[in-house]
Amino acid sequence: MRGETQSLHLAKMMQKHKLYPEYELTLPFLLVKKNSLKKLSKGDVLLLGDANFNLKLLKEDGSFGNVEIEESRNSRKIQIVNIQKEIEVSDHSKKYEILKCTFDFLQSRSFEVGHKIDISSIDLGKVNLLIEKKKLAEGKLVNVDEEIAIEITKVGL
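For clarity, every value in this text was computed on a predicted model and none was experimentally measured.

**Student:** Before we go on, may I ask you to explain the side chain of Thr 102 in this structure?
**Tutor:** You can see Thr 102 is positioned in strand β7 (residues 96-107). Overall, the relative accessible area of 5% leaves Thr 102 in the buried class. Within the structure, the side chain of Thr 102 is placed 3.4 Å from the backbone oxygen of Leu 25, a separation counted as a polar contact. If we ignore the near neighbours within four places in the chain, the residues touching Thr 102 are Glu 24, Leu 25, Thr 26, Lys 126, Val 127, Asn 128 and Leu 130.

**Student:** So what exactly am I meant to see when it comes to the pattern of salt bridges here?
**Tutor:** Should their charged atoms come close, side chains of opposite charge can pair. With the rule as written, the count across this model stands at five salt bridges. The residue Glu 70 makes a salt bridge to Lys 116 at a minimum N-O spacing of 3.1 Å. One end of the pair, Glu 70, is in strand β5 (residues 64-71); the other, Lys 116, is in strand β8 (residues 116-118), and 46 residues separate them in sequence. On the accessibility criterion, Glu 70 (30% relative accessible area) is partly exposed.

About the thresholds
- Residues numbered from 1 in each chain as written.
- Predicted model: local features only at pLDDT ≥ 70, side-chain atom pairs only at ≥ 80, totals over all residues.
- Heavy atoms only, no water.
- Helix = DSSP H or I, 4+ residues; strand = E, 2+ residues; numbered from the N terminus.
- Buried < 20%, exposed > 50% of the residue type's maximum accessible area, 1.4 Å probe, protein only.
- Polar contact = N/O pair within 3.5 Å; in protein donor to acceptor, adjacent residues only side chain to side chain.
- Contact = heavy atoms within 4.5 Å.
- Salt bridge = Lys/Arg side-chain N within 4 Å of Asp/Glu carboxyl O.

Don't take any of this as a statement about function, it's just geometry.
Set out below in structure tokens:
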């Protein structure tokens with residue numbers, strides 16, 4: 001029993017150890033009315049306003065890469081299509097809040113156009129909704145009239 005405990009502890013420790021830089025896989029940022037965010041509840045649906053599944057890979061320094069998903073029989077990968085220096089976010093207003101919809105963090109040795117990263121370990125159905133690095137809610141991706149949307153599953157986290 002003790003050996004099993006030690007091996008589990010070692011596995012957890014190695015998962016926390018980062019060999020390569022981390023990047024955050026997200027959907028494009030959304031501008032949402034502050035009043036709507038206050039009324040957000042389980043079962044609500046946020047339309048992304050796009051029929052395409054656009055993803056971004058964010059770096060800590062504020063630059064990001066637009067990525068496309070490539071699926072094969074056994075794996076799912078993303079390929080960096082282009083890189084931009086700064087995230088284009090419109091100015092903060094009194095009525096709107098910037099909502100970040102994130103999946104998870106990925107580690108990769110390089111961040112350049114054409115590089116492929118395996119994402120088979122990430123659940124693309126589960127989305128975390130953040131405002132200024134504070135987790136607001138969790139959701140799942142759904143299809144509403146041929147558009148991608150997020151259905152809220154948990155609120156007030």
